[in-house]
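A look at the structure
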Amino acid sequence: MSTHRPPARQGRRLTWPWFLAVAVAYLAIIQVTGALIGVDTAGAKSEFPTTEAIVYNGLIPIVLSVVFGVAVVTWLGWWGEVLRYRAPVRRWVRFVPVAMLVAAVLAINYGNLADQSASMVLALIAMAVCVGIGEELMFRGVGVQVFKKAGFSEGKVALWSSVVFGAAHLSNAFGSGSQAIFQAIVVSTSGYFFYLCLRVGGTLLLPMLVHGLWDFSLISNGVGTDPKTSPGLLLPLLLQVVLIVLLLVKRRSIEPAATAGDATDACAPVEPAPGR
C-alpha cells in the first residue's frame, strides 16, 4: 500500500499591490452601501441616534464587507493560515490583549446604554462584532499573510499591515472630514496592537474579540439622541498612549530570543550573533 500523500494545497497567490486593490473594494462596499441605504443623521447629537441608523448606516454595510472578506479568503484558499498564526512573542506581550480587554470593559458607557432600547443595544453589539470580524479578517488575516508571503520580515509585516489598516480609515473623511487623518494615525497604532494580539493568541479569534469589544466600548458613548460621555472613555485613550510608549521602549524585546529579527527592522529586536 502506497504511503505517498499529495502535497498540501498552497492556495492562490495575492501580491501586496493586489491586496491594496482588495482593501479598496472592501472599503467601497461599506461606503457605497452606506451612501445608498444610509439614514440621514445630520443635526443629530450622535452618529447613531436611533436603532435604524445603526442598522442602515453601520450594520448592513459592515455585514456585506464581512461577506466579501469571507469570499476573498475562501477564493484564496487561505483559511488555515488566516485563522492560525505561528509567530510567538515574549510572555510580557500578553499584557497588550489583557490590558485592552480590561480597559474596554471598564470604558463601556453602561449608563448611556441603559437609557437606550433593547433593540438599539443588540444592534450595536451586532455591529461591533461584525467590525471585529470583518476588519481583522481583512487586515490581520489577509493583509498579514500577504506581506508575510511576500518575504517581509515579521517587523515589516506588522508595520505595513498596520499602516494599510490606518490608511483604510481615511475613507471616513467622507463623513468626518479632516479629522479622519488624525483618526487614521491613531488607528494605525491600534492595528499594531491587534497584530500583537494575533501573535499572543496564535489565532485570529483573539484580535477579533479584542477589536470588537474595543470598538463597542468607544461607540457606546455615542449612541442615542442625547448621549452622555462616560469618564471611563479616558481609559482606552490613556492605555493607547501607555502602550505606544511601552512598545517603543521594549520594541527590541518583543520577539523570542531564538527568532529575533533584523536589527534594522523598527519593530523587531536585534538578532544575536552566532554562538553568543
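Residues numbered from 1 in each chain as written. Predicted model: local features only at pLDDT ≥ 70, side-chain atom pairs only at ≥ 80, totals over all residues. Heavy atoms only, no water.

**Details of the environment of V63**
Stated formally: Helix and strand definitions follow DSSP, with helices as H or I runs of at least four residues and strands as E runs of at least two, each counted in order from the N terminus.
Looking at where V63 falls in the secondary structure, it is placed in helix α2 (residues 51-76). Along the sequence, V63 and I133 sit 70 residues apart, while their C-alpha atoms lie 9.4 Å from each other.

**Observations regarding the nonpolar core**
Inclusion rule: In plain words, nonpolar cores are sets of buried Ala, Val, Leu, Ile, Met, Phe, Trp, Tyr and Cys residues tied together by side-chain atoms within 4.5 Å. Partly exposed describes any residue whose relative accessible area lies between the buried limit of under 20% and the exposed limit of over 50%, with all areas from a 1.4 Å probe on protein chains only and scaled to the type maximum. Working rule for contacts: check all heavy atoms of both residues, and any pair within 4.5 Å makes them a contact.
By size, the foremost hydrophobic cluster in this structure holds 49 residues, and its most contacted members are F19, M100, F139 and V142. Of all the secondary-structure elements, those providing two or more residues to this core are α1 (16-37), α2, α4 (95-107), α6 (118-149), α7 (154-168), α9 (179-201), α10 (205-219) and α11 (234-249). The residues touching V142, leaving out its near neighbours within four places in the chain, are L14, F19, V72, V73, L76, W78, V82 and L137. Among the nonpolar cores identified, the runner-up in size contains 18 residues, and F48, V121, A123 and V223 belong to it.

**Examining α2**
Heads up, the condition is: By definition here, a helix of n residues has an expected span of 1.5 Å times n minus one.
End to end, α2 covers 36 Å across 26 residues, agreeing with the expected 38 Å (1.5 Å per residue, within 8%). Among the residues of α2, those classed as buried are A53, I54, G58, L59, P61, I62, S65, V66, G69, V72, V73 and L76. For α2, the secondary structure elements touched by its buried residues are α1, α3 (79-83) and α6. Count one or two residues on from α2 and you reach G77, which has phi positive near 75 degrees.

**Considerations on the packing of aromatic side chains**
Selection rule: Any two of the Phe, Tyr and Trp rings considered here, Trp counted by its six-membered ring, make a pair once their centres fall within 6.5 Å; the pair's planes then place it as stacked at under 30 degrees, edge-to-face at over 60, or tilted in between. For a lysine, the NZ atom is tested; for an arginine, the CZ atom; a charge sits over a ring if that atom is within 6 Å of the ring centre and within 35 degrees of the ring normal.
A complete count under the given rule lists seven aromatic pairs for this structure. For the pair F19 and F139, a centre-to-centre distance of 6.5 Å together with 80 degrees between the ring planes defines the contact as edge-to-face. In this pair, F19 is assigned in helix α1 and F139 in helix α6, connecting sequence segments 120 residues apart. Like F139, F19 is buried. Both rings, one in F19 and one in F147, keep their centres 6.1 Å apart while their planes meet at 80 degrees; by these two values the pair is edge-to-face. Separated by 128 residues along the polypeptide, F19 in helix α1 and F147 in helix α6 bring together distant segments of the chain. Each of the two residues, F19 as well as F147, counts as buried. One aromatic cluster in this structure is built from F19, Y26, F139, F147, F152, F165 and F194. One cation-aromatic arrangement involves K250 over W92; the distance from NZ or CZ to the ring centre is 4.9 Å.

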